[in-house]
Amino acid sequence: MKMMMRGSSSRGSSMAHNHWKHIPSHPPFSDLSDINNNKCLPGQPLSTATKINSKPKTLPREHIDRYKRGDTHPVSALYQLSQVLQFQLDMKETVTTTGITGFYFAFCAVIDGVQYKTGMGITKKEARAKAAELALEELIASLENDGIPSDVSEGPPPLPVREKDSTIPEVHSGRAVIVPCVSSAAAGCEVVALGTGSSNTKSSPAPTGRILHDSHAVVTARRSLMRFLYRNLLLFFSKNSALEEKSVFQQDQTTKLLSLKNHFTLHLYLSQLPKGAAQIPSQLRLNPLSISAWEVNNQIGLHAVVEGKVFSKFSSSYEQMGSHVVSMSATDKIMQWQVLGFQGALLSHFIEPVYVSSIFIGDASCSDTRGMEMAVNQRVDGITSALPLYYCVYRPHISLVSSAVPPDAHSSQKSLSLNWSHGDLLVEVVNALDGKSTEDSPFKSSPALASRLCKAAMLSRFNLVAKEAQREELLTAVTYREAKMMAKPYQEAKSVLKSYLERKGYGQWVEKPPISDHFSM
C-alpha cells in the first residue's frame, strides 16, 4: 500500500507515470522502484547506488545557540540538527559500559551509521538525554571546526535519487502495497509513506508496546504516514521560520489545531482490492429483496482477520477462533479512518482529522469499485451529524488504475512486512509473525529489534512533539492508553462510529486487549 500527498513538490508526476518493480525474495530490500519521472526511490539501502541530495550551506547557528543556552532539550536539539543537516539519526538502546555497577539504562546516538558515545542513566529518558549530549558535543565541535560542505540545502532529507546505472532490486508482491501521497495540481504526486504485509503476529498481547501485532499493508502504511506527520509537526514547532515553512501544516488561530496546508491532499494506492466487505458480489444491494438477510449481513458486515484468514463477524467459524490475535479487515479499517482520520488518537491532540481524497486500486482482477464504495462510504452514510466538531464521513473518489505490482500468490516472503516514510534513508523489514525487525533488515532501531512503527516508538514521538509544542498537560499522561484517552473528541467520534455500526446491524468492532496499551516510556 502506498500513500501519496499532492502538494508543492518539485519531484512528482501523475500516478500513471509511477512504475513498480519486484522486491527480491531475500533481504536486504530497497524500496519499491521508479516512483516518479526523475527516478526517486523511497528508502534505498546504502549498499546500493544512491545519491542523497544536498545539505545546508550555512552553520545552523540558531539551533546550536538555543541548545547551548539550555533552551532546547538535548534529544530535541539533535533531532532538529538531523532535519537541517539531513543526516539519518537513530537513538539506539545498547548495553552499559563494562565496569559499571548497579542497574542503568544505556543509549547511543547513531548518525549516518556512525555510533557515538554511550549515555547512561537510571531511567531511559535520562540515558537518551545523556547520549544526545555526548553526540552533540562531538557533532557541534566538528561543525564549528570544519564547517559544512557547500553542497547542501536546508530541510528534511528528500527521497534518495537512484543513479542511472544502478540496479533496482525486485520486490515480491505477494503482499498488498499501499502508498500515501502529497501534491499540487502543478507538481503532481509525491510518495510520503508505504507499507506491505499480510499477517498478524503470533505473540500474545503484552504491556511493552514494542511488538507489532498487526502488519497488514494498510496498517503498516498508515503508521508510516503517522511518522511522516510527526516529522512535519517537529518542523512546525521548531521555532525556526525556514523549517516551519517546510512543514505540510498550518495553524488555525482560533482552535490552535493544525491542518494540512490548503494545497496539500492525501491519496491512497492499493495494489489489491482490500479484504473484507469491499469484495462483496457486484449484484448485492444494501437493501436486497432477492437474497436472505443473513447473506447481506455476511457480505457487507464487519470482517475480522485471524492468521491471515478473513471471517465475517456473523460466521460460526469466527466465533470458534478463541484466543487468536484478531484484527479488523483492511476494508473496515479504511472505512474507520475515513471517519476518524488517518492520524489516530495521539496525533489528534495537535491536528485536525486527516482524510484521503482519493483511493486508487491497481488490482487487475478487480472489474469495478462498487463493493469498495458501499463498504467505505455507504455503510456510514448519515453518521456525520452525530460526530463531534471536525469529524465527518469523508467520501474519497475511488477508481481503478493500471496494476503497478502484479499479484504473486506464491510468494515465499508473505511473513515479511516493509515500511518507509519520507525522510527515511532505509527501508525497515519486519517479521510479521514475531512483530519485530528482522536481523538483516536494512534499518534496525535497536538490538532488541523493536520496530520503528511500534506503539512505544509512537509514544516517544508524541512526547517529543508535546514538549516542542509546549503542551505540558499532555506530558502528564503516564501510559500510552492514558495519552490516547485524553483525546476526548477523537474518543467520542470513535464511540459514535462503533455504536452506529452495531445499531445498523453490521456487527461489533473488535476491541484490542487493554493490556497492550498499558505501558509507559
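These numbers come from a predicted model, not from an experiment. (Residues numbered from 1 in each chain as written. Predicted model: local features only at pLDDT ≥ 70, side-chain atom pairs only at ≥ 80, totals over all residues. Heavy atoms only, no water.)

**Student:** What is the right way to read the overall build of the chain from this model?
**Tutor:** Counting secondary structure elements, the chain contains 13 helices and 19 strands. Across the 521 residues that make up the chain, the buried fraction comes to 59%. If you take every contact in the chain between residues at least 6 apart in sequence, the share linking residues at least 24 apart comes to 69%. For the chain, the accessible surface area stands at approximately 21700 Å², while carbon and sulfur atoms represent 51% of it. (Helix = DSSP H or I, 4+ residues; strand = E, 2+ residues; numbered from the N terminus. Buried < 20%, exposed > 50% of the residue type's maximum accessible area, 1.4 Å probe, protein only. Contact = heavy atoms within 4.5 Å. Areas by Shrake-Rupley, 256 points an atom, 1.4 Å probe, with all protein chains shown as cover.)

**Student:** Explain helix 13 (residues 488-503) to me, please; I cannot follow it from the model alone.
**Tutor:** What sets the pattern is the α-helix's 3.6 residues per turn: residues three or four places apart point alike. The end-to-end C-alpha distance of helix 13, which contains 16 residues, comes to 22 Å, matching closely the 22 Å that a straight helix rising 1.5 Å per residue would cover. Buried residues of helix 13: Tyr490, Gln491, Ala493, Lys494, Leu497, Lys498, Tyr500 and Leu501, and no others. (Expected span 1.5 Å × (residues − 1).)

**Student:** Teacher, can you tell me more about unusual backbone geometry here?
**Tutor:** Excluding glycine, a negative phi dihedral is what most residues carry, and trans is how most peptide bonds are arranged. You will see that Lys239, though not glycine, has its phi angle at about 65°, which is positive. Considering the arrangement of structural elements, one finds Lys239 in the loop between helix 4 (217-236) and helix 5 (241-246). Positive phi values are uncommon outside glycine, yet Leu449 reaches one of about 65°. For Leu449, the position within the fold is in the loop between strand 19 (436-437) and helix 11 (455-468). Given a relative accessible area of 12%, Leu449 falls into the buried group.

**Student:** What exactly am I supposed to notice about the sheet that holds strand 3 (residues 89-93) here?
**Tutor:** The strands making up a sheet are joined through hydrogen bonds of the backbone, oriented either antiparallel or parallel. Strand order in the open sheet formed by three strands is 3-4-5, with antiparallel pairing between adjacent strands. Both edges of this open sheet fall to strand 3 and strand 5 (114-121), since each of them pairs with a single strand only. Neighbour-to-neighbour, the strand axes of this sheet turn through a mean angle of 25°, independent of strand direction. Each of strand 3 and strand 4 (105-111) is contacted by helix 2 (residues 74-85), which is oriented at about 145° to strand 3, the strand it contacts most. (Pairing = 2+ DSSP bridges. Axes fitted to C-alpha atoms, helices over the stretch in contact; angles between N-to-C directions.)

**Student:** Even after reading the chapter, I still don't get the environment of Asp440, so can you show me in this structure?
**Tutor:** Note that Asp440 resides in the loop between strand 19 and helix 11. For Asp440, a relative accessible area of 43% gives the class partly exposed. Sequence separation of Asp440 and Val429 is 11 residues, and the distance between their C-alpha atoms is 8.1 Å.

**Student:** Is there a simple way to think about the packing of aromatic side chains in this case?
**Tutor:** Counting across every chain of the model gives six aromatic pairs. A ring pair is formed by Tyr391 and Tyr490, whose centres lie 6.4 Å apart and whose planes are at 65°; its orientation type is edge-to-face. Placement of Tyr391 in the loop between helix 10 (370-376) and strand 16 (397-400) and of Tyr490 in helix 13 is noted, with a sequence separation of 99 residues between them. Given the relative accessible area of 8%, Tyr391 is considered buried. (Phe/Tyr/Trp six-rings, centres within 6.5 Å; stacked < 30°, edge-to-face > 60°.)

**Student:** Help me out: how do you make sense of the pairing of strand 13 (residues 309-312) in this one?
**Tutor:** Here is the key point about a regular strand: its side chains alternate between the two faces of the sheet. Note that strand 12 (residues 303-306) and strand 13 share four bridges and pair antiparallel. Across the sheet, the residue bridging to His303 is Ser312, located in strand 13. Taken together, strand 12 and the strand that follows it, strand 13, pair antiparallel across an intervening segment of two residues, in which Glu307 is found at a positive phi of about 50°.

**Student:** Which parts of the structure should I look at to understand the pattern of salt bridges?
**Tutor:** Side chains carrying opposite charge are able to pair once their charged atoms draw close together. Applying the stated rule across the entire model yields 15 salt bridges. Between Glu133 and Lys130 there is a salt bridge; the shortest N-O distance is 3.9 Å. One end of the pair is Glu133 and the other is Lys130, both in helix 3 (residues 124-146) and three residues apart, which spans about a single turn. Between Glu511 and Lys498 there is a salt bridge, and its shortest N-O distance comes to 2.8 Å. One end of the pair, Glu511, is in the segment after helix 13; the other, Lys498, is in helix 13, with 13 residues separating them in the sequence. (Salt bridge = Lys/Arg side-chain N within 4 Å of Asp/Glu carboxyl O.)

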